[in-house]
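Coordinates in review
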Amino acid sequence: MKMPGESEGGSNRKRLKIAIAAVAIAAVYYFISRQLGHLDLQNLLEEVSNTLGAWTYLLVGVFAFAETGAFVGLVVPGETVMLLGGAVAGQGAISIYLLIAIAWFAAWLGDTTSFFLGRRLGREFVLTHGPRVGISHERFEKVEDYFGRHGGKTIFIGRWISLVRAFAPFIAGSSGMGYRAFVPYSILGTGLWASLHILIGYVFSSAIESAGHYAARGAFVLATLIVVSATTVFVVRRLREEENRKAAVRWMEGHRATAWMVAIARRPQFRFLWDRVTPGGTFGLEFTSLMAALAVSLFVLVAYTVIVGGDPGPTPGDETAIELVGHIQASALTSVAKIISFLGSGGFTWALALIGALLLAWRRRWVEFWVLLVGMTITQVGIVELKDAVDRPRPPIPLVATSGSSFPSGHAAHSVIYLWLAVTIVLRLRPGMARATAVVVTGIVLTALVGLSRVYLDVHYLSDVNAGWALGAAAFSLCAAVGLVVSQVRQNPE
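Before going into details, it helps to say that this report is about the structure given with it. (Residues numbered from 1 in each chain as written. Predicted model: local features only at pLDDT ≥ 70, side-chain atom pairs only at ≥ 80, totals over all residues. Heavy atoms only, no water.)

**Section: the pattern of salt bridges**
Applying the stated rule across the entire model yields three salt bridges. Where Asp464 meets Arg392, a salt bridge forms, and the shortest distance between an N and an O atom there is 2.7 Å. One end of the pair, Asp464, is in helix H20 (residues 462–491); the other, Arg392, is in the loop between helix H17 (366–390) and helix H18 (410–429), and 72 residues separate them in sequence. Given a relative accessible area of 1%, Arg392 falls into the buried group. Members of the salt-bridge network, linked through shared partners, are Asp318, Arg392 and Asp464. (Salt bridge = Lys/Arg side-chain N within 4 Å of Asp/Glu carboxyl O. Helix = DSSP H or I, 4+ residues; strand = E, 2+ residues; numbered from the N terminus. Buried < 20%, exposed > 50% of the residue type's maximum accessible area, 1.4 Å probe, protein only.)

**Some details on the packing of aromatic side chains**
Taken as a whole and judged by the stated rule, the model has 11 aromatic pairs. When the centroid spacing of 5.5 Å and the interplanar angle of 45 degrees are considered together, the rings of Phe105 and Trp108 count as tilted. Here Phe105 pairs with Trp108, and both are found in helix H5 (residues 96–129), just three residues apart, close to one helical turn. The class for Trp108 is partly exposed, based on a relative accessible area of 22%. Measuring from ring centre to ring centre gives 5.4 Å for Phe115 and Tyr179, while their planes differ by 55 degrees; the resulting arrangement is tilted. (Phe/Tyr/Trp six-rings, centres within 6.5 Å; stacked < 30°, edge-to-face > 60°.)

**Section: unusual backbone geometry**
Backbone geometry follows two general trends: most residues other than glycine have a negative phi, and most peptide bonds adopt the trans configuration. The peptide bond linking Phe407 to Pro408 adopts the cis configuration, its omega dihedral lying at -10 degrees. By the secondary structure assignment, Pro408 is in the loop between H17 and H18. In this structure, Arg364 takes a positive phi of about 60 degrees despite not being glycine. In this fold, Arg364 is placed in the loop between helix H16 (346–362) and H17. Backbone geometry places Asp391, a non-glycine residue, at a positive phi of 50 degrees. Along the polypeptide, Asp391 turns up in the loop between H17 and H18.

**A short note on the packing of H18 against helix H19 (residues 436–456)**
Between H18 and H19, the least distance of the axes is 8 Å, while the angle of their chain directions is 180 degrees. Here H18 lies roughly antiparallel to H19, going by the angle between them. On the side of H18, the interface is formed by His411, Ala412, Ser415, Val416, Tyr418, Leu419, Ala422 and Val426, while H19 contributes Ala436, Val439, Val440, Gly443, Ile444, Leu446, Thr447, Val450, Gly451 and Arg454. Tallied by class, residues from the contact of H18 with H19 come to 12 nonpolar, five polar and one charged. (Axes fitted to C-alpha atoms, helices over the stretch in contact; angles between N-to-C directions. Parallel < 35°, antiparallel > 145°, perpendicular 65-115°, else oblique. Contact = heavy atoms within 4.5 Å. Nonpolar A, V, L, I, M, F, W, Y, C, P; charged D, E, K, R; others polar.)

**Regarding empty space enclosed by the protein**
Tallied over the entire structure, the rule returns one cavity of 30 Å³ or more. Put simply, the largest cavity is a space of about 50 Å³. Along its surface, the largest cavity is lined by Asp111, Ile155, Gly158, Arg159, Arg165, Ala168, Pro169, Tyr185, Ser186, Gly189 and Thr190. Among the elements of the structure, helix H6 (137–158), helix H7 (162–174) and helix H8 (179–203) are those that each provide at least two residues to the lining of the largest cavity. (1 Å grid on protein atoms, 1.4 Å probe; cavity = no way out; pocket = protein on both sides within 12 Å on 5 of 7 lines; lining within 4 Å. Points joined across faces, edges and corners; volume = space filled by probe spheres on them.)

Listed below in structure tokens is the structure:
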């Protein structure tokens, strides 16, 4: 787009400079990538494993953060470090679950840092300096509009392309995209990206060169799919113009090979299905948020189950919690902890759930009704099955009488009902209510206090409580996601 007052020759020269700069950047990036590809990864793995050991956690965390938080992904692709970290874990030097957790959190933190940096500095910087490189105000407004409608998909897909990954969160923040819309896609994208590359390194720890080879091939296939998708999006946008659309439809109807596509596309069921699987709008954001919560919860639950199942003794985090509790125990605090702990008991939370279900039925909120009851049922079944499967002994000197397996904490799992009720009230029953934040915070605090009270009373380890919270969150997230789809189907019977 030519700026006002700009000559045609000046515009051409500017475009030539941009093209030259783009080619130079691509050449440098290709050269660096080729040089990195010549590294002897197997020798590097042995050196890292022998020299760093547990410091590998820090190395992976720093690179996962710096990918987007410091734009290091423009120079050094983080996939290489993730592969190396997974390979070190595969040799038994470090924990694969803790490594994934650190990489996931650090990558999400890097995205968040870049996002808020873009929000604070990016828009003004782009508006001021953008016209010098052909980014006019009008073009940037189009970018803002695009991120407002499709920013989540760009964040998720861009996580798998180095050049896009480095800038996407910054651009999302500078374009005015809301953090609430940004964070679910960031959590899912960073989790899948970190987990996949670390697991590839873990599986191929005895042949890290093969891991890099397969990862590169996978990245090529994924990039091809993304290019095809981008081309499809371009075609769709072009067809939004009525004249182009009518011409395309006429052409397709006139050919037997494509006439059936027009017939299917005109069916309302097809349009509804397309809207459901395309993130965007209220449904897409809520559904993606629930999927992000489900992904994190399942990861925590599975990781603790495997760790504790292999070694029922206290984890390092458990030992730290035990030491801290020993310093703060007092008779008055113990009495308070017993009362708070009762709020997470199965009898009390089930009674609360039944009362809530009756109120929901009275208001004919059947989707929420079933989410509540099925979520509590899945939580209860999960508690029983995991306790039998893991059979972890309780801490040796509890402050209250208890019995049965320690893992996971049933009280912590049941206590998630408080958070679910708070979120349901704010988002479903009373949207736009005053003091909505206070209601959600109250739900979070009650859920947290119930779990921590079990650690204070020495009837559960901290890992038991974390697993209990994860179990409850996974159960309610799954049921809420299903309920959300069902409610959308009911609102669109065609």
